[in-house]
Amino acid sequence: MCGGVAVKREKAPDWVFLLSALALIAIGIVMTVSTSSVVGFKQYQDSFLFIRKQGVFLVLGCVAMAVAIRLPVALYRRWVVLGYWVSVGALM
């Protein structure tokens, strides 16, 4: 509280977490290119077919992450038990 008014402070990003995620994404893209370029060229005459598909999902994932970051924690707490059981069911 500052002078009776609640001030909402934006937290700084966790740089270690963000850089770790970006490193894993980069490694995953490199692995996808190295393992699927020959198959893509042989079957579809396009070495980068699979990497473009991965790129689409990368963009969709980044958009979903940007939305999820903005949601209040109370929303997650309300749905955590249901989400847990849905995840367990999906794994089975």
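The rules behind each value
- Every chain begins its residue count from 1, and numbering advances along the sequence as written.
- Residue-level local features of this predicted model are given only where pLDDT is at least 70; pairs of side-chain atoms are given and counted only at 80 or more, and the full residue set underlies all totals for whole chains, interfaces and linings.
- By convention in this description, side-chain values take in all heavy atoms of the structure and omit both hydrogens and water.
- Pairing of aromatic rings covers Phe, Tyr and Trp, the last through its six-membered ring, and needs centres within 6.5 Å; plane angles under 30 degrees mean stacked, over 60 mean edge-to-face, and all others mean tilted.
- For every residue, the accessible area (1.4 Å probe, protein chains only) is compared with the maximum for its type, and the residue is labelled buried under 20%, exposed over 50%, or partly exposed between those bounds.
- Candidates for patches are residues over 30% relative accessible area with no salt bridge; among them, like charges are joined within 9 Å and nonpolar side chains (Val, Leu, Ile, Met, Phe, Trp, Tyr) within 5 Å.
- Computed with the Shrake-Rupley method and a 1.4 Å probe, the accessible areas treat only the protein chains shown as cover for residues.
- Counted as salt bridges are all cases of a side-chain nitrogen of Lys or Arg within 4 Å of a carboxyl oxygen of Asp or Glu.
- Each helix corresponds to a stretch of at least 4 residues labelled H or I by DSSP, and each strand to a stretch of at least 2 residues labelled E; elements are numbered beginning at the N terminus.
- Contact criterion: two residues are considered in contact whenever any of their non-hydrogen atoms come within 4.5 Å of each other.

Examining the packing of aromatic side chains
Okay, step 1: According to the stated counting rule, one finds 2 aromatic pairs in the structure shown.
Okay, step 2: Summarising the aromatic geometry, the rings of Y44 and F50 are spaced 6.1 Å apart at their centres and angled 75° between planes, so their arrangement reads as edge-to-face.
Okay, step 3: Ring geometry for Y84 and W85: centres 5.0 Å apart, planes at 80°, overall edge-to-face.
Okay, step 4: For W85, a relative accessible area of 55% corresponds to the exposed category.

As for a nonpolar patch on the surface
Okay, step 1: On the surface, a nonpolar cluster with roughly 540 Å² of combined accessible area is contributed by W15, L18, L19, L22, I25 and I29.
Okay, step 2: As for its position among the elements, I29 is in helix 1 (residues 15-44).

Details of the environment of I51
Okay, step 1: Note that I51 resides in helix 2 (residues 49-70).
Okay, step 2: Placed 22 residues apart in sequence, I51 and I29 show a C-alpha to C-alpha distance of 7.1 Å.
Okay, step 3: In contact with I51, not counting residues within four places along its chain, are I29, T32 and V33.

Don't take any of this as a statement about function, it's just geometry.
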